[in-house]
Number of protein chains: 4
Amino acid sequence: MTWFNNSWMARKGVARGARGKEHLLSEAVQGKYHYVYGPYADPVLRIAPGDVVVAETHDAFEGKLRRESDSPSELLHMPFLNPQCGPIAVDGAEKGDVIAVRIHSIKPRGEQPIGTTAIIREFGGLVGTGHTALLNEPLPERVKKLKITEEGITFNSRITIPYEPFIGTLGVSPEIEAVSSLQPDYWGGNMDVPDVGPGSIAYFPVHRKEAYVYLGDCHAAQGDGELCGVAIEMPAVVTIQIDLIKNAPINWPRLENERFIMALGSARPMEDAARIAYRELIDWMVADYGWDRLEAYFFLTQAGRVRLGNMVDPKYTLGASILKSYLV
Amino acid sequence: MTWFNNSWMARKGVARGARGKEHLLSEAVQGKYHYVYGPYADPVLRIAPGDVVVAETHDAFEGKLRRESDSPSELLHMPFLNPQCGPIAVDGAEKGDVIAVRIHSIKPRGEQPIGTTAIIREFGGLVGTGHTALLNEPLPERVKKLKITEEGITFNSRITIPYEPFIGTLGVSPEIEAVSSLQPDYWGGNMDVPDVGPGSIAYFPVHRKEAYVYLGDCHAAQGDGELCGVAIEMPAVVTIQIDLIKNAPINWPRLENERFIMALGSARPMEDAARIAYRELIDWMVADYGWDRLEAYFFLTQAGRVRLGNMVDPKYTLGASILKSYLV
Amino acid sequence: MTWFNNSWMARKGVARGARGKEHLLSEAVQGKYHYVYGPYADPVLRIAPGDVVVAETHDAFEGKLRRESDSPSELLHMPFLNPQCGPIAVDGAEKGDVIAVRIHSIKPRGEQPIGTTAIIREFGGLVGTGHTALLNEPLPERVKKLKITEEGITFNSRITIPYEPFIGTLGVSPEIEAVSSLQPDYWGGNMDVPDVGPGSIAYFPVHRKEAYVYLGDCHAAQGDGELCGVAIEMPAVVTIQIDLIKNAPINWPRLENERFIMALGSARPMEDAARIAYRELIDWMVADYGWDRLEAYFFLTQAGRVRLGNMVDPKYTLGASILKSYLV
Amino acid sequence: MTWFNNSWMARKGVARGARGKEHLLSEAVQGKYHYVYGPYADPVLRIAPGDVVVAETHDAFEGKLRRESDSPSELLHMPFLNPQCGPIAVDGAEKGDVIAVRIHSIKPRGEQPIGTTAIIREFGGLVGTGHTALLNEPLPERVKKLKITEEGITFNSRITIPYEPFIGTLGVSPEIEAVSSLQPDYWGGNMDVPDVGPGSIAYFPVHRKEAYVYLGDCHAAQGDGELCGVAIEMPAVVTIQIDLIKNAPINWPRLENERFIMALGSARPMEDAARIAYRELIDWMVADYGWDRLEAYFFLTQAGRVRLGNMVDPKYTLGASILKSYLV
């Protein structure tokens, strides 16, 4: 694959794009899943740059919502949501480096109906929440179970949605903080950006020794913004390859695929997420593609693209991207 | 064109999609251009539903930035920016109706270099502004002139951007307010959403007798967010067909094209623009396509798309859309 | 009154603090009240700098909510809310000047119960609104009528609130815009800041010939933020003295009283209103009190005060102030 | 002190207001200070409800800014800022309880000039930051050292600011998260609200066994909003009494003093912090003072007060309060 050979991962990664050993991170190997991104858990796996990890992820509810008659408020308990595989210790990683995660495949696992979406009290993009704290009555709770195969997602009797899976929550540990896996931030986490799927490489700034990679929360599909707060959540088998780029100071997660490079900002209000994403993208164009800072500002004004990941998590996430064809 | 025959405009418009008389709204006919959307100006044209208008628009700077050495702060004076053609009085329009604007074509006019972009003091998405009022020094002013043809926009010696023109500012008059043409709102205005181009139909809620349609501010191309605040601005010849849908209460502008329907929200902070757009889209799905409200909320969570128009104007504009293929 | 003699109004106003002619702006003189701040209405009064105006204002509902059983959604119709007295033409005022409004007194008028507060659908600080557009059901409508005298406001059988009246909506016309009297902005308008009461002088930047002063929307009392969106609204007799300061470029409304000077910012999100207010206050300290810009920034960090006016109007308003005792 | 006997702490605390044992939490006892609020550190002290703790706190920079010529960017390193005393384990505390912290005194300690304020790159209320990510150049760095005594703070040769000390950062551990001491949230933390000073009692919802109380970051004085991001920071000797209220579900920090009760919300954008604070205050009025929910909403509209704590930290903090005289 040509574009991969020219990717930042293949050019600058310690493994130079070569595929290392494969590690199975099964439910049994993982044992207890984690609900924070942080440095206080013991690694479940130690890998070398270039190694491949095949991980069995839970859905965001750890499988607790089984029937459409289930009550989220009875079965789900904060902060024990969005269980994560990891931490995966990456040999040689240090603060100031970058972890590259190439996503090979995401496959649904478990018994049908595998998929779950739900309306949860005081959570979602079109309701009052714990932060946008209002006096209105909450919407009624609702759980919807869906059949998912790689051929499609049966939304209802009329509508099938294409299977376009991605990793909702992926990233590395902060240096000394341990933050809920519900939150996206500069270390990645719950960004819920659909571009983080097979065929893309995600990059994260390393903040501590061995990086400590976490992942979970796969979605079979998701609209921009993840409007009600719950995409089509599913347990999955995820195959990723992890590499390490030494001495590569970046401030926020980045992503590349065959067509574009993208920077990912997470913040509230939403305009701050957009500002972060676009500024990080400008920094990238300046540092790696030789652009003048203001010329890049001008150019993104005319040709930049924005993807809204989530408008529901503790911070909202947007990705700002530019086609690679403009950068050569 | 099949999709047009099934459009809201063709099905419900007074003209039933038929093409009426053609009116030339030349610079001479327009005379003085306007800087507000409001009811206090006299119509420059009176048309019947179904009529076509060919309008000569100025660029957002009314042609005052001619050379790259020009100083925006010396030549531009608030509030006399973003000059608009209109108002066009539409026969029979009353509060509670909808104006449909089908965009046929947008062609650059004038002498090369036709296009202008600029960095303007305290304006733009990555700088302190009059509202995000800071103590940092402003960026240096800069003007960039570009050659535009229908084959492409010469950004610099290496890069040509496709010609993807649209109407940056389009809408109708508020009932009793007269608001700067720099602002987007529920009546349309300066939304700066690239989907408002040839091949689309935009819909606006009517607030006063004869609607009073305004338009201007064409862009030869624009990235999501219009990052520095100034797209590739150009004077243009715009051909639109205007129809009237009686008794059609909508709250915010809407748009349709061959592929999708979209609702357009404008507000600050940006999440409110997204909320408005998605709620208006749900209202549309419920009223015209028979969806249950919560089912639509669930579905947009999985399949909705968001386009960021601008993150620089007095209100930010986002469009939320859903493919028509899901609605049948 | 010593402080008044040292006020900006008395020192720099055309009238030098002297009291001119008194004008009665009764309901009869006013005739039709206005719902926008703009230049398109004819003046109801022409005055000289220093003149006093005694105005009869309506409450924000123009008296339409008479009984607690009244339904706001049936009786109130946008945009015909918040009726204003004016415009008052001030002789000699031009763009770039400042209008000073010294508030002498505000007295309730009309039959008891004079006061009205209400819960209105999709309006208020703790509910979803037209901008924070949500799917939650609105709160039930409610109207509360209250007896108001200058001795106090009978909130209920147990509680009397002190009579602390102020002018909710006060300002001048924009240059070419005509904007709803529900909105606060750089020209003043619906700021709903309790400091704009007897004993204070408010200052507004002039944007057009004769300034065109508007006022209305008196409140007998109000908490910070005007939480449900409706303070204790009352019709009133307002006595103000208007003066003119020539060539005094300010960007946002300002206020002074015996104790402090305050700058007033209006924007969304709320942090932008705070930024505007503090930056305008720094500009004031630099221009009129000889402070270094960064020293003022340091000092307001330690001694600045913020008053939240409203968190419910189209823009939120905050006042940032500093004690005069620190400025000498 | 009558009001204290009627306080929530004295009425409902396990110690019923009685003063227990006194513990010295000196620098030596504390040893290593902490930079996160979390459950992963070992307690430095175990106390019983009612006990008094005398703690030696560092300033927010751990004393690293000694001279006005010091460079913050060279001497300060994220995330090792805002060092905290603690955690203090409170015997018997469990999730669902409340920790009450009565603040007895705050005294400056160390050698003059004890106080420090500073302008730090990309931090502060009137500059672009890491979140409001802009392209403008940062302000120049600046450090200002100030003499502090209990008689006053020498701001400069002309101005002395009253000594009005408070605890900038105070709270309890989240359940499984460990979050930077720079951030305020539902567990307290870096709220920077000047009311958290001698004569007040602060309340925090307990999230884990023994609560784990942290404190630090004393300010000798601060304006509303902590505008430049750095108040008058000082090392201090803090005397607090800690009590435990069993089974008292609250969602956000609260505070009471002789005059009022206050709820404290932290969020971005700022309006969400205001919404949280006011909703929590309504919940308090309903639960403990017998108010009807909508009547409380009405009443706070007329008599509520808002204090802006900070507009600079990762979340902004506002306190909403109501006079106790209205509640009886």
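Scroll up to find the structure this text is about.
Each value, and the rule that gives it
Residues numbered from 1 in each chain as written. Chains lettered and ligands numbered in written order. Predicted model: local features only at pLDDT ≥ 70, side-chain atom pairs only at ≥ 80, totals over all residues. Heavy atoms only, no water. Helix = DSSP H or I, 4+ residues; strand = E, 2+ residues; numbered from the N terminus. Polar contact = N/O pair within 3.5 Å; in protein donor to acceptor, adjacent residues only side chain to side chain. Contact = heavy atoms within 4.5 Å. Buried area = accessible area lost by both parts, 1.4 Å probe. Salt bridge = Lys/Arg side-chain N within 4 Å of Asp/Glu carboxyl O. Buried < 20%, exposed > 50% of the residue type's maximum accessible area, 1.4 Å probe, protein only. Least-squares fit on C-alpha atoms with pLDDT ≥ 70 in both. Nonpolar A, V, L, I, M, F, W, Y, C, P; charged D, E, K, R; others polar. Pairing = 2+ DSSP bridges. Expected span 1.5 Å × (residues − 1). Core = buried A, V, L, I, M, F, W, Y, C linked by side-chain atoms within 4.5 Å.

J.: Account for the side chain of B:Glu177, naming residues and giving values.
T.: Position of B:Glu177 relative to the elements: it lies in the loop between β12 (166-172) and β13 (179-180). Polar contacts involving the side chain of B:Glu177 include one to the main-chain amide nitrogen of C:Ser180, which spans 2.7 Å. Sequence-distant contacts of B:Glu177, defined by excluding residues within four places in its chain, comprise B:Tyr37, B:Gly38, B:Pro39, B:Tyr40, B:Tyr186, B:Trp187, C:Val36, C:Ala178, C:Val179 and C:Ser180.

J.: A description of the interface of chain A and chain B should follow, citing residues and the corresponding values.
T.: Accessible area lost during the coming together of the parts is what is often quoted as the interface size. Taken together, the contact pairs 59 residues of chain A with 59 residues of chain B. Summed over both partners, the interface of chain A with chain B comes to about 5,000 Å²; 63% of that surface belongs to carbon and sulfur atoms. The three residues of chain A that bury the most area against chain B are A:Tyr297, A:Phe298 and A:Gln302, which together make up 16% of that side's buried surface. Taken together, the links from chain A to chain B amount to six salt bridges. As a salt-bridge pair, B:Glu295 and A:Lys144 come within 2.9 Å of each other at their nearest N and O atoms.

J.: Hey, could you go over helix α6 (residues 293-303) of chain D for me, with residue numbers and the actual values?
T.: α6(D) sits mainly inside the fold: ten of its eleven residues count as buried. On the buried face of α6(D), the contacting elements are β7 (115-119), β8 (142-146) and β11 (160-161) of chain C together with α5 (270-289), β21 (305-310) and β22 (316-323) of chain D. One side-chain oxygen at the N-terminal end of α6(D) lies 3.1 Å from the backbone nitrogen of D:Leu294; it belongs to D:Asp292.

J.: Can you break down the relation of the copies chain C and chain D residue by residue, with the values?
T.: Mapping chain C onto chain D leaves a residual RMSD of 0.0 Å; the transformation is a rotation of 180° accompanied by 0.0 Å of translation along its axis. Considering both components of the superposition, the chain copies are consistent with a two-fold axis. Distance from the rotation axis, computed per C-alpha, reaches its smallest value in chain C at C:Met270: 2.7 Å. Most of the interface of chain C is mirrored in chain D, where 100% of its interface residues again form contacts.

J.: Provide a residue-level description of the interface of chain C and chain D, including the pertinent values.
T.: Counting residues at the interface gives 59 residues for chain C and 59 residues for chain D. Carbon and sulfur atoms supply 63% of the area buried between chain C and chain D, which totals about 5,000 Å² over both sides. Three residues stand out in chain C for area buried against chain D, namely C:Tyr297, C:Phe298 and C:Gln302, and they jointly supply 16% of the buried area on that side. Connecting chain C to chain D are six salt bridges. With a shortest N-O distance of 3.6 Å, D:Arg305 and C:Asp224 are connected by a salt bridge. Between the two partners, chain C and chain D, sit 25 residue pairs in polar contact (both at pLDDT 80 or more). Breaking the side of chain C that touches chain D down by element, the ones donating at least two residues are β7, β8, β11, α5 (270-289), α6 (293-303) and β21 (305-310) of chain C. For the side of chain C that touches chain D, the element with the highest residue contribution is α6(C), accounting for nine residues. Taken together, the residues of the side of chain C that touches chain D break down into 34 nonpolar, twelve polar and 13 charged.

J.: Describe the pairing of β12(B), listing the residues and the values that go with them.
T.: Residue and element names in this part refer to chain B. Across the seven residues that make up β12, a large majority, seven, are buried. The pairing of β12 with strand β17 (residues 213-219) spans six bridges and is antiparallel. Counterpart to Phe166 in the pairing with β17 is His219. Two strands pair when backbone bridges link them, and β12 and strand β15 (residues 188-189) are joined in this way by two bridges, in the antiparallel orientation. The residue bridging Gly171 from the neighbouring strand is Gly188, located in β15.

J.: Quick one: what's the story with the environment of D:His131, residue by residue and with numbers?
T.: Looking at the element boundaries, D:His131 is found in the loop between β7 (115-119) and β8 (142-146). Taking the C-alpha atoms as reference points, D:His131 and D:Pro314, 183 residues apart in sequence, are found 8.5 Å from one another. Not counting chain neighbours up to four residues away, the residues in contact with D:His131 comprise A:Ser266, A:Ala267, A:Asp272, A:Ile276, A:Lys315 and D:Arg268.

J.: So, the environment of A:Ile159: which residues are in play, and what are the values?
T.: Position of A:Ile159 relative to the elements: it lies in the loop between β10 (152-154) and β11 (160-161). Classification of A:Ile159 by relative accessible area gives buried; the value is 4%. In contact with A:Ile159, other than residues within four places in its own chain, are A:Ile153, A:Thr154, B:Trp291, B:Phe299 and B:Tyr326.

J.: Mind laying out α5(D), listing which residues take part and the relevant values?
T.: With 20 residues, α5(D) should reach 28 Å at 1.5 Å per residue; the first-to-last C-alpha distance of 28 Å fits that figure. Once α5(D) finishes, D:Gly290 follows within two positions and takes phi at roughly 75°, a positive value.

J.: Give a description of the sheet that holds strand β10 (residues 152-154) of chain B that names residues and reports values.
T.: Sheet strands pair by backbone hydrogen bonding; their relative direction is either parallel or antiparallel. Residue and element names in this part refer to chain B. Here three strands make up an open sheet; going across it, the order is β9-β10-β11 and the pairing antiparallel. The open sheet has two free edges, formed respectively by β9 (148-149) and β11 (160-161), since each of these has just one partner strand. Across two bridges, β10 lies against β11 in antiparallel orientation. Its bridge partner lying in β11, Ile153 is registered against Ile161.

J.: For the nonpolar core, give the residues involved together with the corresponding values.
T.: With 209 residues, the main nonpolar core has A:Tyr297, B:Ile99 and B:Tyr297 as its most contacted residues. Residues C:Ile106, C:Leu227, D:Leu255 and D:Leu300 belong to the second largest nonpolar core, which totals 207 residues.

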